[in-house]
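# Remarks on the overall topology
Listed below are the residues making up each chain.
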Amino acid sequence: MKVFSNFTEAYQYLLSDVYNNPDFEPSPRGQKIKEKIGVTFRITNPRNRLPYVKGRDFNVSYFVAESIWYLSGNDSTEWIANYSSFWRNISDDGKTANSAYGSRIFKPHNRISRGVEPVKSQWDYVIDELCQDNDSRRAVVHIRSPQDSFLAKKDVPCTLTLQFFLRDDKVHLVTSMRSSDLILGIAYDVPAFTLFQELLANQLTQRLGRQIGLGSYTQTSNSLHVYEKHFGMVESIISEKTNYNVPEMPPLPLGELPIDGLMKFEDICRISSSQGELFDALWTSDKIIGTSHPYWDDWATIIAAHRAGKLGILEPEIFAQKKLMSTAKFEGYRFFNK
């Protein structure tokens, strides 16, 4: 198992290893790939979760939107397709996303609670389990279900399980993937899953009344691969001289997540039709979101910047997409402002 200090270092290494030393070169569904089987890697600082590689063209607005979408428990294809049309092409029913992990993790379900009120989610179960037994090995979130084998056609979840451990007052996460596309999948999966890991650490801190920190992030990808259509991009990325001394994200604020407020703010930005309306939304974002914190201020700025791009607001306007992104407080976000 390879161990890395941050995701950038892991990402570039894994791309190089799969591309240059594949175990196999099969063609599932007629699409050639380079593939390694049963790859396990570990990241010791999960908060350093963004891939700072120029060739990947990581989309920060998509990362923020997908995080909000997951944490809200939403599974609407149309909602997330506003940030990536990819989702419209893989929905089995044209309305919902089968791989909306947030819906599977955070949405309450009767089968979780076995008819006992209040109805709980898999996330509730994990928190309860680790609070009742700090040393538990049962804090597992199941993503893929047996029904997916028969009912899912286009959108079969790539993730199998997320297993959380509380060891030495730190939350460790072990992720099991049936399939990991290094370009379209893992570049956003690792940032999302490590965000969940940090969220759990915060919520256990509040429930247990003592500081719970971040441990390691470990992932096993049963099929780690790149598609032939991305070979040129992979060659560009692995040829980069990357500085691995990259900024980690700021700590996720303690307290209740303002997800309803962020969803409301996103709705307002989504229907805005002018620079003035975007200005009004950002000016009052703390009231709309329900809290004022640099972490959420940045997310509001990124959402507004995405809408500015959709509206075609160009330089030198104050609300041009790039100009808005340049005001992000976290320097890591500004790296992706191309």
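Relevant structure appears above.
Residues numbered from 1 in each chain as written. Predicted model: local features only at pLDDT ≥ 70, side-chain atom pairs only at ≥ 80, totals over all residues. Heavy atoms only, no water.

### Observations concerning the pattern of salt bridges
Two side chains with opposite charge may pair up if their charged atoms get near one another. Going through the model one piece at a time under the given rule, you end up with 12 salt bridges. Among the salt bridges present, the one from E248 reaches R47, with a minimum N-O distance of 3.6 Å. Placement of E248 in the loop between helix 10 (231–238) and helix 11 (259–271) and of R47 in the loop between strand 2 (33–43) and helix 2 (60–72) is noted, with a sequence separation of 201 residues between them. With relative accessibility at 35%, the residue E248 sits in the partly exposed group. Judged by relative accessible area, R47 falls into the buried class, the value being 19%. Among the salt bridges present, the one from R207 reaches D128, with a minimum N-O distance of 3.3 Å. Here R207 is found in helix 9 (residues 186–208), whereas its partner D128 is found in helix 7 (residues 122–132), with 79 residues between them in sequence. Under the relative-accessibility criterion, D128 is labelled buried at 16%. Shared partners join several salt bridges into a network, and the residues in it are R47, R49, E198 and E248. (Salt bridge = Lys/Arg side-chain N within 4 Å of Asp/Glu carboxyl O. Helix = DSSP H or I, 4+ residues; strand = E, 2+ residues; numbered from the N terminus. Buried < 20%, exposed > 50% of the residue type's maximum accessible area, 1.4 Å probe, protein only.)

### Some details on the environment of P294
Among the structural elements, P294 can be located in helix 14 (residues 294–311). Its relative accessible area of 44% is what places P294 among the partly exposed residues. Each C-alpha atom of the pair P294 and H109 lies 34 Å from the other, and the pair is 185 residues apart in sequence.

### Overview of the packing of aromatic side chains
Tallied over the entire structure, the rule returns 26 aromatic pairs. Aromatic side chains F4 and Y13 sit 5.4 Å apart centroid to centroid with 45° between the ring planes, which places their arrangement in the tilted category. Classification of F4 as buried rests on a relative accessible area of 4%. Geometrically, the ring pair formed by F193 and F196 is tilted, given 6.1 Å between the ring centres and 50° between the ring planes. In this pair, F193 and F196 are both assigned in helix 9, three residues apart and thus about one turn of the helix distant. Relative accessible area serves as the criterion here: at 1%, F193 is assigned to the buried category. Clustering of aromatic rings is evident, with ring pairs tying together W69, Y70, F86, W87, Y101, F106, W123, F164, F193 and F196. Over the ring of Y227 we find K229; its NZ or CZ atom is 5.8 Å from the centre of that ring. (Phe/Tyr/Trp six-rings, centres within 6.5 Å; stacked < 30°, edge-to-face > 60°. Lys NZ or Arg CZ within 6 Å of the ring centre and 35° of its normal.)

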